Structures are given as C-alpha cells and as structure tokens.
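Given next are the chains, with one letter for each unit.
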Amino acid sequence: MNLRNVDKSTWIYLIASLLLFMVPFILTGRSMQFIFIQIFIFAIFAMSYDILLGFTGIISFGHVMFFGIGAYSTAITMSKFDSTIGSFLFGVVIAVILAAFVSFIVGVLTLRLKSHFYAMLTLALAGLFLVAAEKWRTLTGGNDGFTFRLPEIFRDSQSMYMFCLLSLILIFFGLRRFTKSPFGRVLMAIRENENRTESLGYKIVHYKVIASVVAGVVASFAGVLYALSLRFVNTGVFATDLTIDVLLMTIIGGVGTLVGPILGAGLVEFAHHWLSGLADVHWIFERWIILYGTVYILVVIFFPLGIVGTIQSRFSNRPLKGLRDNRKANENKGRRAS
Amino acid sequence: MESLLELKQVEAFIQHYHILHDISFEVPKSEVTVLLGRNGAGKTTTLRTIMGLNQVSKGTVRFKGEEISNRSTHQIAKRGIGYVPEDQGIFNGLTVGENMRVAMKKEDEETTKRMEWVLELFPDLKKFWKKEGGQLSGGQKQMLAISRAYVNRNDLLLIDEPSKGLAPIIVDKVTESIQQMKEQTTIVLVEQNFMMASNIGDHFYIIDDGATVHHGKMEELKEDKITMKKYLGIA
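A quick note: this is a predicted structure, and the numbers were derived from the prediction, not measured.

J.: Summarise the overall build of chain B; cite the residues concerned and give the values.
T.: Per the secondary structure count, chain B includes 10 helices and 10 strands. Here the C-alpha radius of gyration of chain B, 17 Å, is about what a compact globule of 235 residues would show, namely 18 Å. In terms of its C-alpha atoms, chain B occupies a principal-axis envelope of roughly 45 × 40 × 35 Å. By residue count, 46% of the 235 residues in chain B fall in the buried class.

Have a look at this one:
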C-alpha cells in the first residue's frame, strides 16, 4: 500500500485513535476511563444505527433489541460457564449468530414493504424481548438482572478501555470500508431513491436485508461490550430509551457520516455526566434531561445536518448536501401539492 | 424488421385510476421510436409499465421475444433495458462519479470505454466528477441521467422527456447526444418537444387517453398537419 494514496481523513482518524490510546495514561481515574469506555460502546452502537438510517434510509425504533441480545448472550454465557476468554468468545459467537438471525428474519419480513413497517416490527420485537427478559427469570434474573465474573484480562479498567477502543477503531474502519465499497454506494442509492435504484437492476431488498444484518451484528457486539463493562445485565438493555439515545447521538453527530455518531456518542455521554454532576451547584441540574433537551433543540436548529455533516458540507462539496436538497425538494413538492 | 420490444393491448392502473386502456406498439431494433401525445395521455405511464414500476393488468409486454409483463423492475433492467425517467432520477446525495459507478453493474473494459465516451460527449460531467448530483444544474442532471443509462450495454433505452425544463442550447446538446447513441442502441423516446422528437425519431406512435391511436414514420407525420393538429395540438 502506498502511503501517499491514503487520504487526509484517514490520517486524521489514525492520529485521533493514537491520541485516544494515550488517554488512560493521562487520565488514570477509573471513573473517567469508565466514561470513555461507555462512549466507545455507544459510538459502536450509534454507528450501527447510522448504517441503517444514514446510509440505507431505514428507520428502526427497536434497534436496541440487538444491543440487548448481545448483552444477554455474553452475560448468560459467562455466568453459566467459567469466566474465561473461551466462554467470552463463545458468548460473542452466540450474540453475533442470534443478532444476524433475528435481523435477517425481520429484514426479510418487512423490508419489501415501506420502511415504517420495519420501524414498527422492530419496536414490537424489542418489546417482546423486553417482556421475555422480564419473565424468564431463571435465565435472565428478571428486572433485577444478575452479575457475572469477567475473564482476568478484562478486570483491569485500562485493558477494558484498550479493548473497547480497539473494537471501536476496527469496527469504524471496517464500516467505513463497507460504506465506500460498491455495495455501500448501492445502499446510498437506495436511501436516495429506491425505484431508481431498482431500475438500474439492483434487487434492493437483498441490499436492505444485508444492511440490516450488518447493523444488527454490530449493535449486538456493542451490547457484548456493554455487559462486559458493567459486569452486570438487566432488562434495561432492551429499553426503548436506549434506541432514542442512539438516534439522538446519530442525529447530533451527523447522519450518514459514520464519524458523526462517534462524536454524538461522546457529546451525549459527556453531557449526561457533566450536567448531572452539576446538581450540587444548582437544583436545575438535577433535571439535567431538560438541559439536554435544550442542547438537542439548539443542535437541530444550528446544525441541521448534525455537527459533522454541517462541517463537512461547509468545507467540502460533500456529503449530505444532497440530503438537504432532497429535503428542500420534498418541502417544495409538499407546498405544490397543497 | 425484427421487433425488440412489443406491447400488445396493454392496460394499467395507478391506484384506482385506469390510465392505460389499450397500448400496442412495436419497437424495431436499432431505431428510435417516439411516443407522442398530449399531457396526461399516458406516455410516462407506458414507460413505467414497461419497466415494471406499474403493474400490467391486461395485455403483454415482450422484450427480445420474452414476456416481461409484471416481472420485477430489477429483473427487467437486468435483461438490458435502461431507463431515464422524467425527473432524471439522479441520486442527489451521491457525487457524479458515484452516480456513474452505481449505474455500472460491473466495471469492465466495455463499461469503462462507454464511460469514457459519455465523458467526452458531456465534458461537464468530468469537470464536476466529485460534485454531488443535487448541486448540478438541470441540464447537467439530464446529461448525467442519460450517461448513466448508456454506460451499461443496454439493448434498449427508454428516455422520458429529456428536453423538459432545459434551455434551448442544452436541448441541442441532449439531442446531439441521443443522435449519437442511436447509432449503437435502440431507443424509445417520450418527448413533447416535437422539433427534437422529429429530428431524432424514425417511427412514432401517438398515445391519446391511454391508447395508441396512430403510428407511422416520422417523416410522414411532419407532413400530416391534420393528425398533428388533432392529437398534438400543433398547427
């Protein structure tokens, strides 16, 4: 590989990755490292959502079910078997297979239809998984959940940090390659205009189902890391709130940018941490969610394409100007129709 | 002459509306067949029905002798039909280069040659290669839409109103490009601009109220003032 052919953005991402590898040597506090770990995990989760929403134009209200599948698969495997790397890897394999299977079935059943059917079915299924997790107490511990022991290597917060960061970097570059491939171009074409893409000879349902499976598997892996980072799992991993959170992370960061959801995850997690930490200063910060809502509204007003999307559209030809054009065109169509 | 495409008594609905009542025509190989008619006559619906974007409720559509009625759109496209829709169908969020590459089902020697050919024909596309489709002018979008349909080796191109909304100088450019393409492929053209249609077309079919009502050679139509007045409103 000729280094001269590596584009500028790749260098920026590599440098940012290196800097992040140094963080645990500078910020030695466990709580700060834990926040970073959570950011990495939610960044992976948000990138998986971006594959659906940003690159393929599929809206999901129940994406959290894949996250939950990953979390429970690992936790159950680790609690039933020894706390070894082997059982962890076995848990990951189960998580990936289950998520791939469920996302494949949901995709095949609904992605031939309009995208809101996918949104509604995933919402319903996520609810079903939540109820199953609550009721199947012998396996899941119900609402109370259960703790489990980690393999030796993950007990140290620094090695956990490195593992989550490495996972984030590998998944980011993997998904980036995926979205820049001919397959990714077809996904973006589907997002822009399904009929037109089909007229070019592409069977769009195949592409959508594969996008759904990729997004499901990546979300499931985020769930694996989440359970690992907490050493605990409960039904909260199937809560719809998490889907809303990840949707906000994606929108705030920039839909269809891949790096945007990482930034969004960082902003949301830090906002959560700092705003709730200011409760001692003023009582209003106890209701940090109000401030969080305000920040969200401001971001949507001033960065309608998300932070990364807005910056990219200002400093280069792309991406996402097309999305804005589409939005404007749709608004104009609406006006004309009325 | 051998027919590449043949429609027989095709009927089609859009929701509850019966749009096509009786469409029958044949498209000879290596020629340009023009579908003419007033606004709302059913020309665009006819092209969409050929592409499988509307269902055929009665009748048959045969392409290269094979029945393609009610096959799915991607199957029809794969059989070698390229479609340039009325609204151009550009992917606004993709660059010109990405729009072209999505259209190229495989990047082999032939498609690369074809791409080079259209880029020579439309140098603007080369110039704006990294610009998003949504940022192009109407004329550039039309050029991109036509190039995208041409870049694969399609046996038949369906082109819907390529001159719509374009400045006269751009219409000339588009006309020239279609004239060059017609040497290499068969074309079905829907066009309101009679001047353009008569310059390009070899045969015509007039569609009125969802039915083909008249057909012949384009040269004959230019002389047939009564038909032009009756069906096209051109004195």
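J.: So what's going on with the overall build of chain A? Which residues, and what values?
T.: The secondary structure content of chain A amounts to 15 helices and 2 strands. Over its C-alpha trace chain A gives a radius of gyration of 20 Å, about what one expects of a compact globule, namely 20 Å for 338 residues. Counting only C-alpha atoms, chain A reaches 60 × 55 × 45 Å along its principal axes. Across the 338 residues of chain A, 45% fall into the buried class. Across chain A, every contact between residues at least 6 apart in sequence was considered, and the portion connecting residues at least 24 apart equals 76%.

J.: Could you give an account of the interface of chain A and chain B, naming the residues involved and the relevant values?
T.: With 24 residues of chain A at the contact, the number on the chain B side is 25 residues. Those elements that provide at least two residues to the side of chain A that touches chain B are helix H8 (182-192), helix H9 (194-199) and helix H15 (321-337) of chain A. When residues of the side of chain A that touches chain B are assigned to their parent elements, the largest contribution, 6 residues, is made by H8 of chain A. Residue composition of the side of chain A that touches chain B, grouped by class: 9 nonpolar, 7 polar and 8 charged.

J.: Account for helix H10 (residues 204-230) of chain A, with residues named and values stated.
T.: Because an α-helix packs 3.6 residues into every turn, residues spaced three or four apart end up facing the same way. Residues and elements named next belong to chain A. The first and last C-alpha atoms of H10 sit 39 Å apart over 27 residues, in line with the 39 Å expected at 1.5 Å per residue. Burial of H10 is extensive: 23 of the 27 residues sit out of reach of the surface. A positive phi of about 55 degrees marks Arg 231, the residue just after H10.

J.: Describe helix H11 (residues 240-253) of chain A, naming the residues involved and giving the relevant values.
T.: Residue and element names in this part refer to chain A. With 14 residues, H11 should reach 20 Å at 1.5 Å per residue; the first-to-last C-alpha distance of 20 Å fits that figure. By the criterion of burial, H11 is predominantly enclosed, with 11 of the 14 residues buried. All of the buried residues along H11 are Leu 242, Thr 243, Asp 245, Val 246, Leu 247, Leu 248, Met 249, Thr 250, Ile 251, Ile 252 and Gly 253. Among the structural elements, helix H2 (30-56), helix H3 (64-80), helix H12 (259-277), helix H13 (288-302) and helix H14 (307-315) are those in contact with the buried residues of H11.

J.: Describe the pairing of strand S9 (residues 203-208) of chain B, listing the residues and the values that go with them.
T.: Residue and element names in this part refer to chain B. Extensive coverage of S9 is indicated by the burial of 5 of its 6 residues. Relative to S9, strand S3 (residues 32-36) runs parallel, the two being bridged by 4 bridges. Across the sheet, residue Val 34 finds its bridge partner in S9, namely Phe 204. By the bridge criterion, 6 bridges tie S9 to strand S10 (residues 211-217) in an arrangement that is antiparallel. Looking at S10, one finds that Asp 208 is bridged to Ala 211. Counting the residues that bridge the hairpin from S9 to S10 gives 2 residues, and of these Asp 209 lies at a positive phi of roughly 50 degrees.

J.: Please give an account of the packing of H3 of chain A against helix H4 (residues 85-110) of chain A that cites residues and values.
T.: Residue and element names in this part refer to chain A. H4 packs onto H3 with a crossing angle of 150 degrees between their chain directions and a minimal axis gap of 8 Å. By the angle between their axes, H3 is roughly antiparallel relative to H4. The hand of the H3/H4 crossing is right-handed. For the pair H3 and H4, contact is made by Phe 66, Ile 69, Gly 70, Ser 73, Thr 74, Thr 77 and Met 78 and by Ser 87, Phe 88, Phe 90, Gly 91, Val 92, Ile 94, Ala 95, Leu 98, Ala 99, Val 102 and Ser 103, respectively. A breakdown of the residues in the contact of H3 with H4 according to their chemical character gives 11 nonpolar, 7 polar and no charged.

J.: Outline unusual backbone geometry, listing residues and values.
T.: Residue and element names in this part refer to chain B. Phi angles above zero are rare outside glycine, and Gln 9 is one such case at about 45 degrees. Relative to the helices and strands, Gln 9 resides in strand S1 (residues 3-14). By C-beta crowding, Gln 9 is classed as partly exposed, having 14 other C-beta atoms within 10 Å. A positive phi angle, close to 50 degrees, is found at Lys 64, a residue other than glycine. In this structure, Lys 64 sits in the loop between strand S4 (56-63) and strand S5 (66-67). The class for Lys 64 is partly exposed, based on 16 C-beta atoms found within 10 Å.

J.: Let's hear about the nonpolar core: which residues, and what values?
T.: Ile 44 of chain A together with Leu 158 of chain B are the most contacted members of the largest nonpolar core, which has 156 residues in total. Beyond its immediate chain neighbours, meaning those up to four positions away, Ile 44 of chain A contacts Ser 167, Leu 168, Ile 171, Val 218, Phe 221, Ala 222 and Leu 225 of chain A.

J.: Which residues make up the UniProt feature "domain: ABC transporter" (unreviewed entry) in chain B, and what values do they have?
T.: The feature "domain: ABC transporter" (unreviewed entry), as annotated in UniProt, sits at residues 5-234 of chain B in this numbering. Counted over residues 5-234 of chain B, helix gives 38% and strand 28%. Its end C-alpha atoms are 29 Å apart.

J.: Give a description of the pairing of S4 of chain B that names residues and reports values.
T.: Residue and element names in this part refer to chain B. Sheet topology places S1 next to S4; 6 bridges connect them, and they run antiparallel. By the bridge assignment for S4, Glu 6 is matched with Arg 62. Alignment of S4 against S5, held across 2 bridges, turns out to be antiparallel. Note that in S5 the partner of Phe 63 across the bridge is Glu 66. Where S4 folds back onto S5 in an antiparallel hairpin, the turn is made up of 2 residues, including Lys 64, whose phi is positive at roughly 50 degrees.

Calculation rules
Residues numbered from 1 in each chain as written. Chains lettered and ligands numbered in written order. Predicted model: local features only at pLDDT ≥ 70, side-chain atom pairs only at ≥ 80, totals over all residues. Helix = DSSP H or I, 4+ residues; strand = E, 2+ residues; numbered from the N terminus. Rg over C-alpha atoms; globule rule 2.2 N^0.38 Å. Buried ≥ 20, exposed ≤ 12 C-beta atoms within 10 Å, placed from the backbone. Contact = placed C-beta atoms within 7 Å. Nonpolar A, V, L, I, M, F, W, Y, C, P; charged D, E, K, R; others polar. Expected span 1.5 Å × (residues − 1). Pairing = 2+ DSSP bridges. Axes fitted to C-alpha atoms, helices over the stretch in contact; angles between N-to-C directions. Parallel < 35°, antiparallel > 145°, perpendicular 65-115°, else oblique. Left-handed = near helix turned anticlockwise from the far one by under 90°. Core = buried A, V, L, I, M, F, W, Y, C linked by C-beta atoms within 7 Å. UniProt positions renumbered as here; feature names shortened; annotations may be inferred.

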